[in-house]
Amino acid sequence: MEEAAGSEASFCLQKLTIMDDSKDDYQYEEIPADDEFSLQDDDEDLSKALQTIQEQAEDAQILALQSVLTSEKSVSEIPEAMDDFFCNFLVRLGMSRTLDCFQTECKAKEAFLKMQKECDFHRMHHKRVVQEKNKLICDIKRLKAHYASYEPVLKELTEKYQTTLRQKMLTSLERDRAVGQVTGLQATLQNLESGCAIQIPVTKAGHDCRRKKGLEGPTQKALQEVKQQKILDAESSSYDPVKDAEKEIGKRYPKDSEFPVDTQVNPYLVHATEYIQPLKSGEYKLSNILKVHDLAVNCLALHPRKDIVVTGSNDHLWKMWALPDGNVIMTGEGHTDWLSGCCFHPSGSQLVTSSGDTTVRIWDCLKLGCILTLEGHAHPVWDCSWHSCGDFVASASMDNTSKIWDVNSERCRYTMCGHKDSVNSIEFLPFSSTVLTSSADKTLSLWDARTGLRVYTFYGHLHSCNHAMFNMKGDTIASCDSSGMMKLWDIRKSVPILSVDAGPHPANQVVFDHSGRIVALASSDGSLKVLQLESGLLSSLRGHGGEVHSVIFDPRDEQLISGGADGTVCLWTRGAAAPCLT
């Protein structure tokens, strides 16, 4: 017993040197206050200088705290030999639970110190990121100020460009006027010398119009005979320099048509006042699907008197179809690029088409061919429209302009400039000389076709306007844009009276029915949106396999016709049967 007690009481002390084996050997580096982070001399102010000094002071405090933690680390890690001795003592006595608690506390202490170091590291990193962010903000401000210094110059250059363009147009007009004066004086001198009437040659410049001879209609021939008679009567009268100067422009282009006065009565108003039974939800149903083109159908036009529809496609062709069976009546070939718009002559005997080949063509449905090609646009033509008198055609182009063409004199009467982006649609107000255009510059404009001047501009769309149309009464405009927003405008108040969000897909075309109580919208989501203005009910019709590019009501409002990117035309009829593909 004594020996055992002696053996247990005998201990041996040994001197050990404990090395610093800390696993966290991260070295913090001081981030000096760089002069690049400060603003330039011309951008400094007192508040920014104080902010920089405060940031430097915070950096100094963090560095001081780091040095204190480093010194505390060296002091607290010195007595680790005592911890090892205590652990050995507990092991020798078999106090395992006490040993586990002690080791757990030691590990927790080490983990706490490590987390504290990592926290300091991330704090410093955050500080550096903040400094870099402030530097980037200063750089952005300097760049914005630099860009703003160029804005007045750009604005001035734009104004100079517009002024130069106007001067160029005025110079061209003065040149044409001078040529007309010389021609008129020469004709007058020859007339005085010979005492007989002569024909004044016409010189065309700026636009190329090619027309096949011998295809003039009876209305045009009658107008030409009346104008020629007036010219002969004027030449046979006594010579008056003042009157001859006033008639100078008319002599230059004797075939020019006269714009009708705006006092004509719109005969379609009687249809707009007829009572139309309001639609019920889903009353328009898909009755037939016609596969008319191999590529997308971009435009539709209905014959004013017969059940005939014309479709224009990306395959460079337009086709005339009989409704409702879809038999092909006529195919038009001549355009070298996709067709974008088509419109029937008020008599139904002629058709006008617009294309991506920058031309506008007029076709005679009886002669089965193109009788006139109008060239003058610099970029693709998006849309075309025929005046109700049949003597004028309007076109809208991607070159930011729209043009008024005289069919009789085969020339461009006016080029309407004012939009800042592509002109996407154009339409005449029925039995009026007022023209409506919509543009990618997010505006709608009203123009006077007799002068080529803009009358009013409608603002309100936030995206590119794709299409706009008058109702039959002519007092309301419907428009749609590339975000799917549809707006109704009161012309008398010049403000939007209704906005309907049919997005987010673009809206390609919007049309009124003949009563003006229903609006149909062709959407890129593959559906037709039908809005009843009286009830506010918006319904969706689906039948196309892709985007819907165009839509139109028939004159009796019994059918709704739509053309899509899948090359088909869908017929929607009230109370229709199941559809069939032909």
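A. Here's a closer look at the overall build of the protein chain. Across its full length, the protein chain holds eight helices and 29 strands. Taking all contacts inside the protein chain whose residues are at least 6 apart in sequence as the whole, residues at least 24 apart take part in 51%. Split by element, the accessible area of the protein chain, about 33400 Å² in all, is 57% carbon and sulfur.

B. Up close: unusual backbone geometry. Look at His316: it is not a glycine, yet its phi comes out positive at around 75 degrees. As for its position among the elements, His316 is in the loop between strand 4 (308-313) and strand 5 (317-322). A positive phi angle is found at Glu410, which is not glycine, with a value near 60 degrees. On the secondary structure map, Glu410 appears in the loop between strand 13 (401-406) and strand 14 (411-417). Glu410 gets classed as buried once you look at its relative accessible area, which sits at 14%.

C. Expanded view of the nonpolar core. In terms of nonpolar packing, the biggest core is built from 17 residues, with Leu528, Leu541, Val551, Phe553, Leu560 and Trp572 touching the most fellow members. Listed by contribution, the elements that provide at least two residues to this core are strand 2 (284-291), strand 24 (518-523), strand 25 (527-532), strand 27 (548-553) and strand 29 (568-574). Other than its neighbours up to four places away in sequence, Phe553 contacts Tyr284, Leu302, Val511, Phe512, Asp513, His514, Ile518, Ala520, Gln559 and Leu560.

D. Local environment of a nonpolar patch on the surface. A cluster of nonpolar side chains, namely Phe85, Phe86, Phe89, Leu93 and Met95, defines an oily patch on the protein surface of about 460 Å² accessible area. Of the residues examined, Phe89 reaches a relative accessible area of 36% and is grouped as partly exposed.

E. Looking closely at the packing of aromatic side chains. Taken as a whole and assessed by the stated rule, the structure comprises five aromatic pairs. A ring pair is formed by Trp318 and Trp363, whose centres lie 5.4 Å apart and whose planes are at 70 degrees; its orientation type is edge-to-face. In this pair, Trp318 sits in strand 5 while Trp363 sits in strand 9 (residues 359-364), placing the two residues 45 residues apart along the sequence. Residues Trp318 and Trp363 agree in their burial class; the two are buried. Three or more aromatic residues joined by ring pairs make a cluster, and in this case those are Tyr456, Phe458 and Trp489.

F. Main features of the sheet that holds strand 3 (residues 297-302). One open sheet holds the four strands; their spatial order is 3-4-5-6, and the pairing between them is antiparallel. Two strands bound the open sheet, and with one partner strand each, they are strand 3 and strand 6 (327-333). This sheet shows a mean twist of 20 degrees between the axes of neighbouring strands, independent of strand direction.

G. Spatial organisation of the pattern of salt bridges. Inspection of every chain in the model, using the stated rule, returns 11 salt bridges. The shortest N-O distance in the salt bridge between Arg450 and Asp448 comes to 3.1 Å. Given the relative accessible area of 34%, Arg450 is considered partly exposed. In this structure, Asp490 engages Arg492 in a salt bridge whose closest nitrogen and oxygen atoms are separated by 3.3 Å. What you see here is one network of salt bridges that share partners, running through Asp475, Asp490 and Arg492.

H. How the structure looks around the pairing of strand 10 (residues 369-375). A large share of strand 10 lies buried, amounting to six of its seven residues. When strand 9 meets strand 10, the two strands line up antiparallel, connected through six bridges. Note that in strand 10 the partner of Trp363 across the bridge is Cys370.

I. The arrangement of the confidence of the model for the protein chain in detail. Per-chain confidence: the protein chain averages 77 in pLDDT, with 74% of residues scoring 70 or above. Confidence drops under a pLDDT of 50 for residues 236-249, and excluding neighbours within four residues, the segment shows nine contacts in the predicted structure. Between residues 275-282, whose pLDDT stays under 50, and residues either more than four places distant or in other chains, the model counts 14 contacts.

J. Local environment of the sheet that holds strand 15 (residues 423-428). Taken in spatial order, the four strands line up as 15-16-17-18 in an open sheet, and their pairing is antiparallel. Each edge of the open sheet is held by one strand with a lone partner, namely strand 15 and strand 18 (453-459). For this sheet the average axis-to-axis angle between neighbouring strands, irrespective of direction, equals 20 degrees. As paired strands, strand 16 (residues 434-439) and strand 17 (residues 443-448) are joined by five bridges and run antiparallel to one another. Paired with Thr437 across the two strands is Ser445, which belongs to strand 17.

K. View of the pairing of strand 29. Taken across its seven residues, strand 29 has six buried, putting it largely inside the fold. Pairing of strand 28 (residues 559-564) with strand 29, which is carried by five bridges, proceeds in the antiparallel orientation. In the sheet register, Ile561 faces strand 29, and the bridge partner there is Leu571. Linking strand 28 back to strand 29 in an antiparallel pair, the connection comprises three residues, with Gly567 at a positive phi of about 80 degrees.

Thresholds, definitions, all that
Residues numbered from 1 in each chain as written. Predicted model: local features only at pLDDT ≥ 70, side-chain atom pairs only at ≥ 80, totals over all residues. Heavy atoms only, no water. Helix = DSSP H or I, 4+ residues; strand = E, 2+ residues; numbered from the N terminus. Contact = heavy atoms within 4.5 Å. Areas by Shrake-Rupley, 256 points an atom, 1.4 Å probe, with all protein chains shown as cover. Buried < 20%, exposed > 50% of the residue type's maximum accessible area, 1.4 Å probe, protein only. Core = buried A, V, L, I, M, F, W, Y, C linked by side-chain atoms within 4.5 Å. Patch = residues over 30% accessible without salt bridge, like charges linked within 9 Å, V, L, I, M, F, W, Y side chains within 5 Å. Salt bridge = Lys/Arg side-chain N within 4 Å of Asp/Glu carboxyl O. Phe/Tyr/Trp six-rings, centres within 6.5 Å; stacked < 30°, edge-to-face > 60°. Pairing = 2+ DSSP bridges. Axes fitted to C-alpha atoms, helices over the stretch in contact; angles between N-to-C directions. pLDDT = per-residue confidence, 0-100.

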